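Each chain, letter by letter, is given below.
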Amino acid sequence: MARYTGELVGKVNSAHQFDNEALFRYCSIHVEGFPRSSSKFSVSQFGYGQSNPTYLIEMQSGTVVKRYVMRKKPSGILLQSAHAVEREFQVLHALGTHTLVPVPRVFCLCTDSSVIGTPFYVMEFLEGRIFLDPMLPGVAPNRRQALYHATAKALASLHSADVDAIGLGGYGRRNNYCKRQVERWARQYIDSTGEGKSERNPKMLKLIAWLRQNIPSEDSAGSSAGLVHGDFRIDNLVFHPIEDRVIGILDWELSTLGNQMCDVAYNCLLYIGDISQDKVKHNEGFEITDAPEGVPSLEEYLMDYCTAAGRPWPVAGWKFYVAFSLFRGASILAGVHSRYIMGNASGGKRAQDAGEKANDLIQIAWSYIQRETVLSQNPPSDIRGKDHVYGIANEKKDQGLEEGGRFIPNKKVKELREKLIKFIEERIYPMEPEFSKLAQSSMRWTVHPEEEKLKEIAKQEGLWNLFIPFDSAARAREILFNGRDDNVIGTGFPNQLGAGLSNLEYGYLCEIMGRSVWAPQVFNCGAPDTGNMEVLLRYGNKEQLQEWLIPLLSGTIRSGFAMTEPQVASSDATNIECSIRREGDTYVINGKKWWTSGAMDPRCKLLILMGKTDLNVPIHKQQSMILIDINTPGVKILRPLTVFGFEDAPHGHAEISFENVRVPAKNILLGEGRGFEIAQGRLGPGRLHHCMRLIGAAERGMQLMVQRALQRRTFGKLIAQHGSFVSDVAKCRIELERTRLLVFEAADQLDKHGNKKARGALAMAKVATPNMALMVLDTAMQVHGAAGVSGDTVLSHLWATARTLRIADGPDEVHLGTIAKLELKRAKL
Ligand SMILES: Cc1cc2nc3c(=O)[nH]c(=O)nc-3n(C[C@H](O)[C@H](O)[C@H](O)COP(=O)(O)OP(=O)(O)OC[C@H]3O[C@@H](n4cnc5c(N)ncnc54)[C@H](O)[C@@H]3O)c2cc1C
């Protein structure tokens, strides 16, 4: 389970306090853009594994909160080479200014100890996720794979920095790094063990001798030399809040120039043994216990790194580098233990246990070098191939499935899919005429009682909230229920927070729901509720989740998303004019919206509205999103809009005016100016859900088309026997299948790489799918003759819905623009 960077802080440790006012004065002069005055200035301290104390500085001026991170040396007498924040600043500055290596931006370095007592520097606060446990508990397997992939890429990117070109040529000595390091840590071990200190382990002396004799030749040649991080671990990385990519590599205290393979081996120690800070366990590395599902094997991980860094397969020196990393760790721990024995180490029980842990590392290193093979001679041949059939190969073996191809649902998804098909065929198709009849009657803005009954059955069958991605569910569980996985909402039905599916897995199910316009809401998977719940799951705070998410999750209320405005071209959301103005403890909303789907529904209680909070900031920071109770005075539903005559009752698409609508300030989502950011997060999966449903709509069209063609005769033969039909139905099947592949590919990319990287595939799916569905449904209507365009079959309604999706959630042209932009960018590289 990830921790958000903003959550890793606590009260400043009494030993690490400093003069806050002095820091404020210094920063207001030396940090560009630092607020000159602040109504609120708060300092908290990051609590996790910092040898250089690190602080979060929060400044509030009006409604704007700015965040910075300050890192300083500890107070007191220090070893000369330790805690060098000046070097950290130097490396971060060089990388941040001249490379794309993900690091926080640094703003100023203060070497004058009279300011706050020690040198310090100020850097950007990165809002993102940190995974403290490399097992990545609470993370879906495909996301684990993506996170490890991103980790290997981040390491490769820092190793690819051209140190001479970026002014770091003198940051350390490059040649004979391992040779020097072996001597340095051997000396330290000898100095810190023996009489009156930690007991000396003879196996360590043998290990030192082995290392001296086995230093790889590339070490003296410097062919693997460059920037070394020194402590590259997954918990020193900040990942994007949603996407599985690294946005910051932290903790550069041990960085230098040297043999980069030491970084790689150190980063891979978790495959060899569990050497986390609190414990060292033999035989518990991922190589032995099997990595958690989704975590790549050592070979796959190394291959990822080598591919990204342009490095040869490191089989030759691998045993040395791993043994060296364990040896270095043992020497450091022996030093800590000795200081504990001599009474001058902080760290309590950890320091007390450090001697034992040092010996454990020595033992692991010694067993490791006795192994005949530590790495395969050659890299795994087809990592990409494996990547794509992840979870499927096993599935096939277990069940003897016959299907081939790239996308095959696993057992759990298959079972859900079969249940869904049965549910829809037995319970929803027979109700369609009833639901349609009510939707066209004078009672159309009421809910058919059968719909609510079906919802209850769907809940009990575990076919509820299936759209919720695994990681969003984990966040909600953490925020609302401290990670408890039980019956979280106390409603007594399973899957309140979804079934732990990825976007791809949901794709196999959402498609089934798309076969009927009435089906998605029966499973609480209808738009715009899914997108709105996703927004709350990803961006809502505890209070907002409690007030709005819980009733949405249990289906007792519904919601609308109010962005589009009649007077401006809303495909370009920077045009939006609705104002959200802060007045004391409230926001006041004024503006007009239309096409707010779902707002006509009698159960609709929540509107998520996008509008402008500040016209004086850059255009993409002007928009914010706010939660509005639809019953707030000033919210006026003006009329329902129609789609080719369909009102889509009782759901509807409303035109709404907001006149001096006053809502509590706590209803703002994520903060002012974050509207675009939220929209990006919302629209990726939301758009894809439309595509998935459209695949289902097209399948329904195919089914009806073929049934009709096999029953009806024209000019002496079945329609199915006419050549024109044969050709049409075959073309429809080709279009449908290739579009489905595109949708699955986009879902897979979304799972593995996040919204931003998947945007090309998402855009392609968003353009291709409605166009394909329109073609298939149009052919189906043609085969039905006049009945096809009537209300007697579902085809015209499905077609009308498909047609709106060439416009809704971004017109085709906008997505085509995205695809073309990426294509041109690729050509320029
Ligand atoms: C059934 C339905 C449901 C909807 N539900 C919601 C909802 O719940 N909430 C909500 O906020 N909105 C909703 N919408 C609105 C929808 O998102 C907008 O209609 C859409 O974003 C386009 O905005 P617009 O209508 O203002 O068109 P405009 O922005 O005026 O665009 C009109 C046309 O201009 C052309 N165009 C635009 N950009 C480009 C470009 N870059 N290059 C070339 N040509 C371009 C395209 O042909 C486009 O269709 C819904 C719409 C429909 C039809």
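It should be emphasised that the depicted structure is a prediction, and the values quoted were computed from it without experimental measurement.

Definitions and cut-offs
- Residues numbered from 1 in each chain as written.
- Predicted model: local features only at pLDDT ≥ 70, side-chain atom pairs only at ≥ 80, totals over all residues.
- Heavy atoms only, no water.
- Buried < 20%, exposed > 50% of the residue type's maximum accessible area, 1.4 Å probe, protein only.
- Helix = DSSP H or I, 4+ residues; strand = E, 2+ residues; numbered from the N terminus.
- Contact = heavy atoms within 4.5 Å.
- Polar contact = N/O pair within 3.5 Å; in protein donor to acceptor, adjacent residues only side chain to side chain.
- pLDDT = per-residue confidence, 0-100.
- Core = buried A, V, L, I, M, F, W, Y, C linked by side-chain atoms within 4.5 Å.
- Domains from an automatic or database assignment.
- Pairing = 2+ DSSP bridges.
- Near = heavy atom within 4 Å.
- Areas by Shrake-Rupley, 256 points an atom, 1.4 Å probe, with all protein chains shown as cover.

## Regarding helix 1 (residues 20-30)
Here is step 1: Buried within helix 1 are the following residues: Ala22, Leu23, Phe24, Tyr26, Cys27 and Ser28.
Here is step 2: In this structure, the buried side of helix 1 is in contact with strand 3 (40-46), strand 4 (54-61), strand 5 (64-72), strand 6 (106-110) and strand 7 (120-124).
Here is step 3: For helix 1, the N-terminal cap is Asp19; the gap from its side-chain oxygen to the backbone nitrogen of Glu21 is 3.1 Å.

## Quick look at the confidence of the model for the protein
Here is step 1: Within the protein, residue pLDDT values average 89, and 91% of them lie at 70 or more.
Here is step 2: In the predicted structure, residues 382-403 sits below a pLDDT of 50 and forms 31 contacts with residues beyond four places in sequence or in another chain.
Here is step 3: Overall fold confidence (pTM) sits at 0.61, and the ipTM for the predicted complex is 0.98.

## Structural notes on helix 27 (residues 795-804)
Here is step 1: Every buried residue of helix 27 is accounted for by Leu795, Ser796, His797, Leu798, Ala800 and Ala802.
Here is step 2: Of the surrounding secondary structure, the elements contacted by the buried residues of helix 27 are helix 23 (675-711), helix 25 (759-784) and helix 26 (786-789).

## Some thoughts on the environment of Pro312
Here is step 1: Locating Pro312 in the fold gives a position in the loop between helix 10 (298-309) and helix 11 (318-341).
Here is step 2: The exposure class of Pro312 is exposed, given its relative accessible area of 64%.
Here is step 3: Each C-alpha atom of the pair Pro312 and Pro379 lies 9.3 Å from the other, and the pair is 67 residues apart in sequence.

## Notes on the nonpolar core
Here is step 1: Judged by nonpolar contacts, the single largest core of 104 residues is most densely connected at Ile428, Leu466, Tyr506, Phe523, Leu536, Leu688 and Met705.
Here is step 2: Looking at which element gives the most residues to this core, the answer is helix 23, with 14 residues.
Here is step 3: Among the domains, domain 3 (411-676) and domain 4 (680-827) are the pair contributing at least three residues each to this core.
Here is step 4: In this structure, Tyr177, Met204, Phe239 and Ala323 belong to the second largest nonpolar core, which totals 96 residues.

## What about the pairing of strand 11 (residues 246-249)?
Here is step 1: Looking at chain direction, strand 10 (residues 237-239) and strand 11 are connected through three bridges and run antiparallel. Pairing of Phe239 across the sheet is with Val246, part of strand 11.
Here is step 2: Where strand 10 hands over to strand 11, the hairpin turn is made up of six residues, counted between the paired strands.

## Brief notes about the site of the ligand
Here is step 1: Close contacts around the ligand come from 18 residues, with Phe561, Thr564, Ser571, Trp595 and Glu813 the closest.
Here is step 2: Contact between the ligand and Ser571: an oxygen atom at 2.5 Å from a side-chain N or O atom of the residue.
Here is step 3: Compared with its free state, where it exposes 980 Å², the ligand has 67% of that area covered by protein.
Here is step 4: Mapped by element, the contributors of at least two residues to the shell around the ligand are strand 15 (586-597) and helix 28 (812-828).

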